[in-house]
Amino acid sequence: RYVAKQALLDQKWQKSNREQLMSDGKKMLTLLSTFFQEIEGQTLFHTVKCAEAKKWHTQLAKRGILVRLCDEGDALRFGLPREQSQWLRLKDTLRDIWSNLSR
């Protein structure tokens, strides 16, 4: 509760965090747009629809990237990476899977 109270009282931190999340949300949209055409998203999560969602889900999981396979089996939901190394890993993994599925 102490930490939550401090966060609620710290408007400077809130503004900075909000700006960072908005920036990361745009970055995620740009990254996913490289590999998928149909993307719905907000700041924290982005959903991509694709016919091969199950294959993508399996390939991502095999590489340690966890995304949610939507119940219908035709979409994946991505959350934001936290660190730069995670962004790079996601980008490299998506590119690798894309090239393998495109063959």
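See above for the structure.
These numbers were taken from a predicted model, which means no experiment stands behind them.

## A word on the nonpolar core
Argument step 1. Judged by nonpolar contacts, the single largest core of 19 residues is most densely connected at Leu 32, Phe 36, Trp 56, Leu 60, Leu 76, Phe 78 and Leu 94.
Argument step 2. At the level of elements, helix H2 (11-33), helix H3 (53-62), strand S4 (75-79) and helix H4 (84-101) are the ones that each hand at least two residues to this core.
Argument step 3. With 4 residues, the top contributor of residues to this core is H4.
Argument step 4. If sequence neighbours within four positions are ignored, Leu 94 has contacts with Leu 31, Leu 32, Phe 35, Phe 36, Trp 56, Leu 60 and Phe 78.

## Observations concerning the side chain of His 46
Argument step 1. Here His 46 is to be found in strand S2 (residues 45-49).
Argument step 2. From its side chain, His 46 meets the backbone oxygen of Gln 42 in a polar contact 3.1 Å long.
Argument step 3. With sequence-adjacent residues up to four places away left out, His 46 is seen in contact with Gly 25, Met 28, Leu 29, Leu 32, Ile 39, Glu 40, Gly 41, Leu 76, Arg 77 and Phe 78.

Parameters at a glance
- Residues numbered from 1 in each chain as written.
- Predicted model: local features only at pLDDT ≥ 70, side-chain atom pairs only at ≥ 80, totals over all residues.
- Heavy atoms only, no water.
- Core = buried A, V, L, I, M, F, W, Y, C linked by side-chain atoms within 4.5 Å.
- Buried < 20%, exposed > 50% of the residue type's maximum accessible area, 1.4 Å probe, protein only.
- Helix = DSSP H or I, 4+ residues; strand = E, 2+ residues; numbered from the N terminus.
- Contact = heavy atoms within 4.5 Å.
- Polar contact = N/O pair within 3.5 Å; in protein donor to acceptor, adjacent residues only side chain to side chain.

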